[in-house]
Protein chains: 4
Amino acid sequence: MSYNTFGREFRFTTWGESHGPALGATVDGVPPGVPLSEEYIQCFMDRRRPGTSKHTTQRREPDQVRILSGVFEGVTTGTAIQLMIENTDQRSKDYGDIATSFRPGHADITYHLKYGVRDYRGGGRSSARETAARVAAGAVAQAVLGALVPDLRITGYMVQMGAMHLDRARLDLGAVNDNPFFLPDAGAVQAWSDYLDGIRKDQNSVGAAIEVCVQGCPPGLGAPVYAKLDTDLAAAMMSINAVKAVEIGEGMASAALTGVANADEIRMGPDGPEFLSNHAGGILGGISTGQDIVVRFAIKPTSSITTPRRSINSRGEEIDVITKGRHDPCVGIRAVPVAEAMAACVILDHLLMDRAQTGGVRGQIG
Amino acid sequence: MSYNTFGREFRFTTWGESHGPALGATVDGVPPGVPLSEEYIQCFMDRRRPGTSKHTTQRREPDQVRILSGVFEGVTTGTAIQLMIENTDQRSKDYGDIATSFRPGHADITYHLKYGVRDYRGGGRSSARETAARVAAGAVAQAVLGALVPDLRITGYMVQMGAMHLDRARLDLGAVNDNPFFLPDAGAVQAWSDYLDGIRKDQNSVGAAIEVCVQGCPPGLGAPVYAKLDTDLAAAMMSINAVKAVEIGEGMASAALTGVANADEIRMGPDGPEFLSNHAGGILGGISTGQDIVVRFAIKPTSSITTPRRSINSRGEEIDVITKGRHDPCVGIRAVPVAEAMAACVILDHLLMDRAQTGGVRGQIG
Amino acid sequence: MSYNTFGREFRFTTWGESHGPALGATVDGVPPGVPLSEEYIQCFMDRRRPGTSKHTTQRREPDQVRILSGVFEGVTTGTAIQLMIENTDQRSKDYGDIATSFRPGHADITYHLKYGVRDYRGGGRSSARETAARVAAGAVAQAVLGALVPDLRITGYMVQMGAMHLDRARLDLGAVNDNPFFLPDAGAVQAWSDYLDGIRKDQNSVGAAIEVCVQGCPPGLGAPVYAKLDTDLAAAMMSINAVKAVEIGEGMASAALTGVANADEIRMGPDGPEFLSNHAGGILGGISTGQDIVVRFAIKPTSSITTPRRSINSRGEEIDVITKGRHDPCVGIRAVPVAEAMAACVILDHLLMDRAQTGGVRGQIG
Amino acid sequence: MSYNTFGREFRFTTWGESHGPALGATVDGVPPGVPLSEEYIQCFMDRRRPGTSKHTTQRREPDQVRILSGVFEGVTTGTAIQLMIENTDQRSKDYGDIATSFRPGHADITYHLKYGVRDYRGGGRSSARETAARVAAGAVAQAVLGALVPDLRITGYMVQMGAMHLDRARLDLGAVNDNPFFLPDAGAVQAWSDYLDGIRKDQNSVGAAIEVCVQGCPPGLGAPVYAKLDTDLAAAMMSINAVKAVEIGEGMASAALTGVANADEIRMGPDGPEFLSNHAGGILGGISTGQDIVVRFAIKPTSSITTPRRSINSRGEEIDVITKGRHDPCVGIRAVPVAEAMAACVILDHLLMDRAQTGGVRGQIG
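Residues numbered from 1 in each chain as written. Chains lettered and ligands numbered in written order. Predicted model: local features only at pLDDT ≥ 70, side-chain atom pairs only at ≥ 80, totals over all residues. Heavy atoms only, no water.

Student: Report on the overall build of chain A, specifying residues and quantitative values.
Tutor: The secondary structure content of chain A amounts to 7 helices and 18 strands. Taken over C-alpha atoms, the radius of gyration comes to 21 Å for chain A, in line with the 21 Å a tight globule of 366 residues would show. Each principal axis of the C-alpha distribution contributes one length, and for chain A these read about 70 × 50 × 35 Å. Sorting the 366 residues of chain A into buried and exposed places 70% on the buried side. Counted over contacts in chain A with a minimum sequence separation of 6, partners at least 24 positions apart contribute 71%. Total accessible area on chain A stands at roughly 10,600 Å², and carbon and sulfur atoms take up 50% of it. Separation of charge centres in chain A, based on 36 positive and 41 negative side chains, amounts to 7 Å. (Helix = DSSP H or I, 4+ residues; strand = E, 2+ residues; numbered from the N terminus. Rg over C-alpha atoms; globule rule 2.2 N^0.38 Å. Buried < 20%, exposed > 50% of the residue type's maximum accessible area, 1.4 Å probe, protein only. Contact = heavy atoms within 4.5 Å. Areas by Shrake-Rupley, 256 points an atom, 1.4 Å probe, with all protein chains shown as cover. Lys, Arg positive; Asp, Glu negative; His and termini not counted. Charge placed at Lys NZ, Arg CZ, Asp CG, Glu CD.)

Next up, the structure:
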């Protein structure tokens with residue numbers, strides 16, 4: 001079993017290799033009657049698109065999405081939606097030298113071991129280029145969420161890049177889209193830019209941490225005990241290339257807390273329960289509380305670097321690997337819109353799951 | 001859709017409430033011909049069983065497992081295995097006062113909001129008692145792994161409990177089963193014990209971090225891109241009650257690393273590739289490398305504490321909640337065998353998935 | 001992969017062998033707040049129960065169902081429901097002689113070939129006793145359907161038993177429950193009874209055809225193109241022991257029809273579209289039309305007979321097989337409540353699926 | 001939930017509408033290292049292609065398949081395979097008059113009721129054009145089966161078309177590919193041709209029955225009790241447009257048989273068990289016996305005919321419907337390669353499922 005499908009009710013299957021003719025997503029389970037256009041999806045694609053600043057790979061891909069099915073006269077029909085993105089700027093010759101060698105820290109060796117054969121060009125299926133298809137699928141999810149839960153907002157942003165940390169006291173979600181780092185602190189952009197310039201000049205790369213905040217999520221989403229909302233968010237984020245950790249709310253810091261400190265106390269507000277804190281990150285027992293959902297994840301540094309590293313090749317010879325080609329010095333940056341897309345897919349999936357079981361009816365308080 | 005099933009090839013469905021007549025697991029997809037007995041499963045149950053030390057809940061449950069189907073004359077038949085554990089020490093009267101009140105930090109309120117009705121006794125379905133069924137299912141997985149991959153070992157242990165941290169320099173997996181904390185450092189047990197005594201006397205509880213190490217896992221397990229091995233491990237751990245974060249290898253620390261530092265360099269050893277480090281935690285591109293797999297997770301402090309916390313009840317009245325009953329001051333302790341069980345299930349699931357697609361044949365090096 | 005689970009939203013997993021300690025169904029995806037009791041389920045069990053007339057096996061099983069989880073204070077909680085039926089009248093000694101021999105026409109040989117090991121007692125997992133668990137799960141589905149679609153009625157009945165055919169002109173659904181054949185023609189009962197007596201005295205058995213009619217099914221159920229309503233009904237019926245064919249509406253007779261004859265013409269009635277005929281059996285393009293859904297299936301004769309048949313045993317020796325034990329001369333009779341149960345599960349599953357995708361909103365006409 | 005995916009291990013998702021820009025299949029779970037080319041797939045496409053004889057629709061579609069992913073240097077890589085077929089001969093103006101009217105016997109009305117919106121051009125998603133994607137997916141399955149079970153052969157053929165019946169005494173599988181009816185009796189082709197000419201001239205259409213025979217299927221395939229091999233074959237065939245019934249082996253005729261007559265007696269042959277008859281159609285207890293697998297299904301007459309039929313439109317007005325456009329007078333003909341494709345997918349799916357659970361090891365006899 002390979003498994004290129006994500007989701008239960010709202011499901012998408014991604015396909016395509018980095019340097020093949022095209023890649024895309026087959027999206028199923030979409031409610032009918034939702035307005036959807038290529039232009040709408042393109043806005044999301046453009047946020048993830050390579051080559052938009054000096055801080056990302058210089059590969060130039062327009063990432064133009066075509067809707068091949070499932071939309072008629074501007075609205076979804078409830079049938080499968082095929083989204084195709086043609087690859088246009090494949091420079092596969094850059095990769096001739098990695099046809100048989102394994103980059104340390106990269107999936108080259110494990111794909112070789114598992115499958116015996118792999119499309120080595122640009123990393124083939126293991127390339128982060130696959131995430132373009134996720135963003136396309138996520139745009140469909142956003143369109144449906146826009147129709148069903150108009151007040152819901154999903155915002156991703158960087159909170160760490162190597163030695164640089166977001167100053168939480170300066171967090172401003174309004175600043176996120178105005179800088180190439182999706183950084184919610186306009187005042188720190190220059191420093192982050194200088195830092196990453198240094199990394200790149202050192203022929204190095206660097207890791208990052210990204211946070212996604214979902215505002216306006218209705219309570220009651222989550223299907224205990226094996227499709228909890230946090231379980232699915234964790235799986236969604238961990239499935240993104242190079243992610244090594246996922247946190248909800250306090251995350252790893254929970255290990256240090258006491259029960260007295262960790263309790264999110266509750267009072268009655270004019271519209272229902274109000275929580276006095278959000279250590280839980282908006283999820284209790286795997287079910288959304290109605291508070292902001294806060295997910296955070298760490299992404300390791302790009303393994304394709306021009307500093308030589310010791311490795312082997314498929315003939316079993318010991319070699320030094322230097323990866324040329326066009327790579328992101330910090331893949332974490334472009335992971336931000338990918339994470340938003342995955343969050344949108346998970347939230348919608350659970351909204352539809354909940355609609356199936358409970359009809360969306362909520363238990364009353366008061 | 002509710003979702004009480006975990007796994008793809010090796011699947012288990014858990015059922016039962018904390019204070020209902022019984023709970024259990026329906027296990028499907030088990031290969032035939034594997035020796036399995038109630039005694040074998042019981043060994044795993046006993047590691048998780050409540051009431052075995054002063055550091056866990058004083059509820060006395062024998063957690064005796066009965067095999068009701070799927071095993072004939074001592075071996076699995078390939079049909080569904082039903083494992084049932086009868087509850088014997090329900091003291092539901094302890095919970096009368098939480099029938100309508102919501103414990104801060106607990107799933108009480110979200111179950112109420114989602115379902116409108118809940119079995120409040122002992123937390124009902126949201127109780128960590130559900131994890132007994134996981135351990136039973138995990139024991140079946142361990143039996144099958146023992147037949148298919150005899151050298152594989154799965155060991156869970158605590159690495160943090162509140163302010164107490166494992167000294168990595170003293171890590172000794174051999175010590176894990178000789179103390180009530182599953183602590184791989186015999187010399188630190190007394191200090192951890194004293195610390196937890198203090199927490200309990202303060203009418204408080206505390207969080208924890210647990211690590212699971214899988215030794216002897218064959219390379220090639222993992223089904224990119226949405227059933228990566230780390231994705232499924234993350235989902236498995238995050239689905240455990242009170243878990244708020246999951247890390248693979250370097251985990252959140254990856255965000256601070258550079259590509260040069262993070263690269264796990266490779267040399268040829270007598271039996272094939274050898275990695276000089278394991279920042280990746282044994283998984284690259286979602287596929288096992290053959291190195292130790294290292295998963296870590298944080299578990300929040302028990303929300304049921306006897307220190308009063310502000311909350312509301314189902315009538316919308318503001319109240320102070322004190323949770324009596326018998327609760328673990330650190331639920332993280334008993335999560336150790338649960339995490340081992342989940343890891344066993346994930347590894348076996350992927351072994352069977354891989355067997356389906358590739359027949360278990362590996363790509364050659366050299 | 002073995003696969004003991006049926007359904008997508010409303011899912012049940014059956015477990016248990018014919019002569020094991022118990023069997024049952026783990027039911028998941030049930031909406032919360034639906035009244036459900038053991039007594040309610042028992043009514044359905046009693047219709048399928050063995051030993052109720054001379055025309056069925058003389059094994060005496062009370063088929064008493066226990067609800068072990070998922071119901072609290074008389075209503076479903078939305079969590080997994082475990083239904084257990086203990087076996088009480090196992091006479092395994094009857095089966096000692098089939099431990100190693102293969103009954104012609106029976107699953108003995110294929111279970112042996114596939115699994116290498118099998119619980120041979122009473123057919124083990126391949127016994128029609130498994131259908132008791134289906135009836136229990138179907139009763140849960142009926143309870144939920146009763147809450148969501150009160151006007152829906154599911155009625156199964158025999159239309160053929162060997163040489164005996166229902167006279168369609170005399171079809172009277174009101175007669176179904178008043179005779180041991182679920183025959184919708186009171187006047188034919190004696191003839192059917194005499195016929196079956198003859199079969200049994202000849203040490204023989206006989207096949208049957210059963211029809212299920214679903215009245216009051218709302219239009220719009222069915223998920224094209226691989227979970228069409230008729231696809232799922234076909235799978236549901238074909239999964240019942242000994243079933244060899246499934247028909248919807250005209251069924252196999254469709255092959256002889258012309259397009260002019262087959263067209264179910266449509267007129268407008270006071271409440272919407274009205275069809276002038278129902279060759280389609282209530283399903284077009286895999287989606288319900290709102291007409292009666294008509295499913296029919298054939299069940300082969302019991303393979304366990306006392307007339308000797310040539311066969312082999314597991315040592316490869318050629319033998320003659322005579323099957324003693326207590327068997328139904330026509331397993332088709334007791335398949336009627338099983339088919340109703342399966343139909344209920346499929347209809348509910350699709351109702352929940354549809355609720356997820358469309359919210360149950362229907363396109364307007366006029 | 002809509003559901004455009006078929007299969008468990010070997011899974012394909014079809015997408016696309018009759019008159020959209022393209023349609024195709026996303027195929028997942030394919031073993032790596034299997035030779036696969038567009039030319040190979042094309043051979044299968046050409047058997048189903050429209051416009052190849054006067055007896056099928058005159059729409060001219062080259063049905064040229066492109067492989068967009070999952071194949072590298074001529075072999076499968078184990079990643080998702082995207083197969084795309086561009087539509088070239090859409091004459092949507094033919095369908096303007098069915099934008100709002102409902103053809104009797106067609107899915108027009110149920111799609112309208114379910115989704116509120118539909119791509120009416122050429123039937124949109126409900127068109128049999130979707131089956132082109134199945135044939136493409138089936139070709140991938142055939143390629144894999146060719147590698148794993150070289151002796152397996154899948155042959156579909158017509159056994160009935162309206163009043164014309166195959167004379168079983170003259171059945172010759174070698175004749176199937178030499179006539180436009182996939183008729184295994186060369187001598188009857190002229191009569192069938194004349195008969196269908198008459199139907200077409202009468203502005204009518206006609207139903208058909210098709211049989212698929214799988215030779216060389218290994219024993220042991222089938223996953224009881226809800227993924228039995230016959231259950232999955234029934235679902236596969238019933239999911240094909242216009243199919244109204246599925247039979248395995250004796251099929252509906254089983255209802256008339258006695259146990260003595262129905263028993264497929266067994267003797268020992270030089271290579272293992274030999275069955276003296278095949279009433280069961282090669283499947284016992286849902287598991288293959290190693291005999292020929294025989295599946296038969298009925299397909300109703302094309303609902304798009306030029307003889308006027310009474311109906312309504314979406315405004316609720318009563319109308320007479322005459323369907324112009326280019327339609328098959330007997331859709332059953334082109335269903336033959338579709339059914340072969342579905343059978344190939346089911347057999348491969350079960351081969352991989354079985355490999356996962358049992359490793360393909362068979363129980364021994366003798």
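Student: I'd love a proper account of the relation of the copies chain D and chain C, names of residues and values included.
Tutor: Rotating chain D by 180 degrees and translating it 0.0 Å along the rotation axis places it on chain C, where the RMSD comes to 0.0 Å. Viewed as a symmetry operation, the transformation between the two copies matches a two-fold axis. Most of the interface of chain D is mirrored in chain C: 100% of its interface residues are interface residues there too. (Least-squares fit on C-alpha atoms with pLDDT ≥ 70 in both.)

Student: Give a detailed account of the packing of helix α7 (residues 332–358) of chain B against helix α7 (residues 332–358) of chain D, specifying residues and quantitative values.
Tutor: Following both chains from N to C, one finds α7(B) and α7(D) inclined at 135 degrees, their axes separated by 8 Å at the closest point. In terms of orientation, α7(B) and α7(D) fall into the oblique class. Judged by the sense of rotation from one axis to the other, the crossing of α7(B) with α7(D) is right-handed. Each of Leu352(B), Arg355(B), Ala356(B), Gln357(B) and Thr358(B) in α7(B) lies in contact with α7(D), whose residues at this interface are Leu352(D), Arg355(D), Ala356(D), Gln357(D) and Thr358(D). A class-by-class count of the residues in the contact of α7(B) with α7(D) yields 4 nonpolar, 4 polar and 2 charged. (Axes fitted to C-alpha atoms, helices over the stretch in contact; angles between N-to-C directions. Parallel < 35°, antiparallel > 145°, perpendicular 65-115°, else oblique. Left-handed = near helix turned anticlockwise from the far one by under 90°. Nonpolar A, V, L, I, M, F, W, Y, C, P; charged D, E, K, R; others polar.)

Student: Just give me the short version of the UniProt feature "binding site: FMN" (unreviewed entry) in chain A, but keep the residues and values in it.
Tutor: Residue and element names in this part refer to chain A. UniProt's entry tags Arg125, Ser126, Ser127, Asn241, Ala242, Gly285, Lys300, Pro301, Thr302, Ser303, Ser304 and Arg326 with the feature "binding site: FMN" (unreviewed entry), counted in the numbering of this structure. Within the element layout of this structure, Ala242 appears in the loop between α5 (229–238) and β11 (243–248). Note on Ala242: relative accessible area 23%, which makes it partly exposed. When neighbours within four sequence positions are excluded, Ala242 is seen to be in contact with Ala298, Ile299 and Lys300. (UniProt positions renumbered as here; feature names shortened; annotations may be inferred.)

Student: Quick rundown of the relation of the copies chain B and chain A? Include the residues and the values.
Tutor: Both copies of the chain are related by one operation, a rotation about an axis with a shift along it. In screw terms, the move from chain B to chain A is a rotation of 180 degrees and a rise of 0.0 Å along the axis, fitting with an RMSD of 0.0 Å. A shared binding surface is used by both copies, with 100% of the interface residues of chain B retained as interface residues in chain A.

Student: So what's going on with the UniProt feature "binding site: NADP(+)" (unreviewed entry) in chain A? Residues and values would help.
Tutor: All names here are of chain A. According to UniProt, the positions carrying the feature "binding site: NADP(+)" (unreviewed entry) are Arg48 and Lys54. Following the sequence through the fold, Arg48 ends up in helix α1 (residues 38–48). On the accessibility criterion, Arg48 (2% relative accessible area) is buried. With sequence-adjacent residues up to four places away left out, Arg48 is seen in contact with Asp63, Ala128, Arg129, Thr131, Ala132, Val135, Arg334, Pro337 and Val338. Within the fold, Lys54 resides in the loop between α1 and β4 (65–67). Given a relative accessible area of 47%, Lys54 falls into the partly exposed group.

Student: Please set out the interface of chain B and chain A residue by residue, giving values where relevant.
Tutor: Counting from both sides, the interface comprises 117 residues of chain B and, opposite them, 117 residues of chain A. The tally of links from chain B across to chain A stands at 8 salt bridges. Close ionic contact of Arg309(A) with Glu265(B) constitutes a salt bridge, the shortest N to O distance being 3.7 Å. When residues in the side of chain B that touches chain A are grouped by element, the largest group, 7 residues, is from helix α2 (residues 108–115) of chain B. Class assignment for the residues of the side of chain B that touches chain A results in 58 nonpolar, 39 polar and 20 charged. Two elements, β11(A) and strand β11 (residues 243–248) of chain B, share 3 bridges in a ladder whose sense is antiparallel. Directly across from Val246(A), in β11(B), lies its bridge partner Val246(B). (Salt bridge = Lys/Arg side-chain N within 4 Å of Asp/Glu carboxyl O. Pairing = 2+ DSSP bridges.)

Student: Provide a residue-level description of helix α2 (residues 108–115) of chain C, including the pertinent values.
Tutor: Counting buried positions along α2(C) gives 8 out of 8 residues, so the element sits mostly inside the fold. All of the buried residues along α2(C) are Asp108(C), Ile109(C), Thr110(C), Tyr111(C), His112(C), Leu113(C), Lys114(C) and Tyr115(C). Against β17 (309–312) of chain C together with β12 (266–269), β13 (272–275), β14 (283–284), β15 (287–288) and α7 of chain D lie the buried residues of α2(C). Of the residues one or two after α2(C), Gly116(C) is the one with positive phi, at around 75 degrees.

Student: Which residues make up the environment of Trp192(A), and what values do they have?
Tutor: Residues and elements named next belong to chain A. Among the structural elements, Trp192 can be located in helix α4 (residues 189–201). When the C-alpha atoms of Trp192 and Phe297 are compared, they prove to be 19 Å apart, with 105 residues separating the residues in sequence. Residue contacts for Trp192: discarding those within four places in its chain leaves Met158, Val159, Gln160, Met161, Met164, His165, Leu166, Phe181 and Leu183.

Student: Pulling in residues and values, what's your account of the sheet that holds strand β8 (residues 153–161) of chain D?
Tutor: Across a sheet, paired strands are connected by hydrogen bonds in the backbone, their directions being either parallel or antiparallel. Across the sheet, which stays open at both edges, the 10 strands sit in the order β9(C)-β8(C)-β10(C)-β16(C)-β11(C)-β11(D)-β16(D)-β10(D)-β8(D)-β9(D) with antiparallel pairing between neighbours. One side of each edge strand has no neighbouring strand; the edge strands of this open sheet are β9 (164–165) of chain C together with β9 (164–165) of chain D.

Student: Report on the packing of aromatic side chains, specifying residues and quantitative values.
Tutor: This structure, assessed with the given rule, holds 28 aromatic pairs over all chains. An angle of 90 degrees between the planes, with centres 5.4 Å apart, marks the rings of Phe72(A) and Tyr120(D) as edge-to-face. One end of the pair, Phe72(A), is in strand β5 (residues 71–72); the other, Tyr120(D), is in the loop between α2 (108–115) and α3 (131–148), on a second chain. Note on Tyr120(D): relative accessible area 19%, which makes it buried. Relative to Tyr226(D), the ring of Phe12(C) lies with its centre 5.5 Å away and its plane at 85 degrees, an arrangement referred to as edge-to-face. In this pair, Phe12(C) sits in strand β2 (residues 11–16) while Tyr226(D) sits in the loop between β10 (208–215) and α5 (229–238), so the two residues belong to two different chains. No difference in accessibility class separates Phe12(C) from Tyr226(D), as the two residues are buried. Connected via pairs of aromatic rings, a cluster forms that spans Phe6(A), Phe12(A) and Tyr226(B). Over the aromatic face of Tyr3(A) sits the side chain of Arg8(B), whose NZ or CZ is 4.5 Å from the ring centroid. (Phe/Tyr/Trp six-rings, centres within 6.5 Å; stacked < 30°, edge-to-face > 60°. Lys NZ or Arg CZ within 6 Å of the ring centre and 35° of its normal.)

Student: Please provide a residue-by-residue account of the sheet that holds strand β10 (residues 208–215) of chain A, values included.
Tutor: As summarised here, the arrangement of the 10 strands in space is β9(A)-β8(A)-β10(A)-β16(A)-β11(A)-β11(B)-β16(B)-β10(B)-β8(B)-β9(B), forming an open sheet in which the pairing is antiparallel. Single-partner strands in this sheet number two, and they are β9 (164–165) of chain A together with β9 (164–165) of chain B. Looking at chain direction, strand β8 (residues 153–161) of chain B and strand β10 (residues 208–215) of chain B are connected through 8 bridges and run antiparallel. Paired with Gly156(B) across the two strands is Val212(B), which belongs to β10(B). Its contacts with the sheet put α4(A) on β8 (153–161) and β9 of chain A, and the angle it makes with β8(A) is roughly 55 degrees.

Student: Please give an account of the pattern of salt bridges that cites residues and values.
Tutor: Proximity of charged atoms lets side chains of opposite charge pair with each other. Across all of its chains, the model carries 94 salt bridges over all chains by this definition. Across the pair Lys54(B) and Asp197(B) runs a salt bridge whose closest N-O atoms are separated by 3.2 Å. Of this pair, Lys54(B) sits in the loop between α1 (38–48) and β4 (65–67) while Asp197(B) sits in helix α4 (residues 189–201), and the two are 143 residues apart along the sequence. Asp197(B) gets classed as buried once you look at its relative accessible area, which sits at 10%. The salt bridge involving Glu318(D) is made with Arg267(C); its shortest N-O contact spans 3.3 Å. Of this pair, Glu318(D) sits in strand β18 (residues 318–321) while Arg267(C) sits in strand β12 (residues 266–269), each in a different chain. On the basis of relative accessible area, Arg267(C) is assigned to the buried category, the value being 19%. Linked through salt bridges whose partners overlap, the residues forming this network are Arg168(A), Glu211(A), Glu247(A) and Arg296(A).

Student: Let's hear about unusual backbone geometry: which residues, and what values?
Tutor: Residues and elements named next belong to chain B. The residue after Pro224, namely Val225, is reached through a cis peptide bond having omega 5 degrees. Structurally, Val225 can be placed in the loop between β10 and α5 (229–238). In this structure, Asp63 is a non-glycine residue whose phi angle is positive, near 50 degrees. When you line up the elements, Asp63 lands in the loop between α1 and β4. Judged by its relative accessible area of 0%, Asp63 falls in the buried class. At Ala242, a residue that is not glycine, the phi angle is positive and equals roughly 75 degrees.

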